[in-house]
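# Coordinate analysis (summary)
Below are the chains, spelled out letter by letter.
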Amino acid sequence: MADYTPPASASAAKARALVGSHRHLMPNRVETFEQLGLSLVIGRREGYRLWDVDGRELLDFHLNGGTFNLGHRNPDLIATLVGALDHYDIGNHHFPSAPRAELAADLARVSPGGLLDRVVLTPSASEAIDVAIKSARRATGRRRIVAFDCAYHGRSGLSGAAGNPRDAAAFLSDLPDEFVTVPYGDLDAADAALARDDIAAFLVEVIPATAGFALPPAGYYPELRRLCDEHGTLLIADEVQTGLGRTGDVWAIEGFGVVPDALVTGKGLSGGLYPVAAALLGARAGAWLDTDGWGYVSTFGGSELGSVVARRALELSTTPAALANARHMGTYFRTGLEAVAERHPGLVEVRERGLVMGLRFADPRGALRMAPALFEQGVWAMFAGFDPSVIQWKPGLLVDEAYADDAIARVERALVALESGSGATARPRGSR
Ligand SMILES: Cc1ncc(COP(=O)(O)O)c(C=O)c1O
């Protein structure tokens, strides 16, 4: 029988994780992070802190894109999951279920305008993007999808083909006849793409994460909404990183004054404990659910255990206090980081929409140097994969000023170390 006991020492645990991951799971990723000086095997994790198995503490400003919005191992969510285990398991997707129905009702209630009241629950956000795309195709009878050239929507078939097609192309899974890209924020390009009158959906990553969270030009989304309506195209909002309160609104697109036809959420909906994602569909996009009970089927989509956790995660993420904290702490971080930028001109821009933040450097590859420098100072934050001049700065929803002060001081120490030439250097390509 295999030995399931944890390794006796931290170094043995680290070696076992690294060797096994390199051998069987992700050789290139292990090597890339080693080269970057970002060697981490996560041990203890609580709140917005992680510890390497060897005991080194890190403030977590990556949060897996918001998966840990409510903190690692949030005690309330753990209690919810443990309580659910007394009653539920995965459940059977064929039949009505109270946990799934209650989660769906709550998602519908907080959806933009309360109008996206058909819900498809999936195990991953990539799959929920697939569902949203297929729903738009079915509603319009059109095949083509437009997305931003700097967007990331996932790695499944359709989500992988949408947005930046680099990685789909490597697997010969890009679909250039069906998926069109336009530059983010460019209304003329959007207009030209939509003018073909054959576009099923305009899929937007509302503030593109992998491009470093650049904010859209003023008035962009209302005008895009108008153009979509004019051309009979559905608007799908990917809120996987920007939703669930991170911008200070429940959904970023609402904050820009727009109700989409469909919206995808994931990551934080899981509470970091049990995978759940969802496609929220409006009347037109969701009409197929009335006539086709098996148009989407997933054994694990909307598992009952996950639904119970997700319902509580949704509730905790959307309280007025959590939303107010996101707004307040976004401003607090921006103010503090802009003061740091004044003393360190290499940091040229602090992007902020609540807790959706990016730190842009003058050096086009500056974030590749800053990520390991931050790591040295006990901060885990990732560079933007499609724009290595930007560090993605993703504080948790419930952070407070003391935590922010500590983090901002560490940013300044990392900049000082880089300026003195003692900071780590890094080269390779990124991820999200
Ligand atoms: C904006 C965005 N959309 C979709 C996805 C895909 O989510 P998942 O990894 O759960 O399939 C991600 C994941 O990083 C994402 O950041």
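In what follows, the accompanying structure is described. These numbers were taken from a predicted model, which means no experiment stands behind them.

Turning next to the overall build of the protein. Of the regular secondary structure elements, the protein holds 14 helices and 15 strands. Taking 22 Å as the expected radius of gyration for a compact globule of 432 residues, we find that the protein reaches 21 Å, a close match to that expectation. By its C-alpha atoms, the protein is 60 × 55 × 45 Å across when sized along the principal axes. Residue burial in the protein is summarised as follows: out of 432 residues, 54% are buried. For the protein, restricting intrachain contacts to residue pairs at least 6 apart in sequence, the fraction spanning at least 24 positions comes to 73%.

Among the 12 residues in the neighbourhood of the ligand, the closest are listed as Ala-125, Ser-126, Asp-238, Gln-241 and Lys-267. Here Ala-125 contributes a backbone N or O atom positioned 3.1 Å from an oxygen atom of the ligand. Taking Gln-241, its side chain carries an N or O atom lying 2.9 Å from an oxygen atom of the ligand. If the ligand stood free it would expose 390 Å²; the protein chains cover 84% of that surface.

Here we take up unusual backbone geometry. With a phi angle near 55°, Leu-63 is a residue other than glycine that sits in the positive phi range. Overall, the relative accessible area of 0% leaves Leu-63 in the buried class.

Grouped together as the largest cluster of nonpolar side chains are 49 residues, with contacts concentrated most on Phe-61, Phe-333, Leu-337, Met-370, Leu-374, Ile-391 and Trp-393. The element that contributes the greatest number of residues to this core is helix 14 (residues 401-419), accounting for 8 residues. Two domains each provide a minimum of three residues to this core, namely domain 1 (10-66 + 320-419) and domain 2 (76-317). Core analysis: the next-biggest nonpolar cluster, separate from the first, contains 48 residues, Val-146, Val-180, Leu-244 and Ala-278 among them.

A word on the sheet that holds strand 1 (residues 42-46). Spatial ordering of the open sheet is given by 1-2-3-13, a layout of 4 strands whose pairing is mixed. Two strands bound the open sheet, and with one partner strand each, they are strand 1 and strand 13 (379-380). As paired strands, strand 2 (residues 49-52) and strand 3 (residues 57-60) are joined by 3 bridges and run antiparallel to one another. Across the sheet, Leu-50 pairs through a bridge with Leu-58, a residue of strand 3. Packed onto the sheet, helix 14 meets strand 2, strand 3 and strand 13 and runs at close to 105° relative to strand 3.

Criteria and cut-off values
Residues numbered from 1 in each chain as written. Predicted model: local features only at pLDDT ≥ 70, side-chain atom pairs only at ≥ 80, totals over all residues. Heavy atoms only, no water. Helix = DSSP H or I, 4+ residues; strand = E, 2+ residues; numbered from the N terminus. Rg over C-alpha atoms; globule rule 2.2 N^0.38 Å. Buried < 20%, exposed > 50% of the residue type's maximum accessible area, 1.4 Å probe, protein only. Contact = heavy atoms within 4.5 Å. Near = heavy atom within 4 Å. Polar contact = N/O pair within 3.5 Å; in protein donor to acceptor, adjacent residues only side chain to side chain. Areas by Shrake-Rupley, 256 points an atom, 1.4 Å probe, with all protein chains shown as cover. Core = buried A, V, L, I, M, F, W, Y, C linked by side-chain atoms within 4.5 Å. Domains from an automatic or database assignment. Pairing = 2+ DSSP bridges. Axes fitted to C-alpha atoms, helices over the stretch in contact; angles between N-to-C directions.

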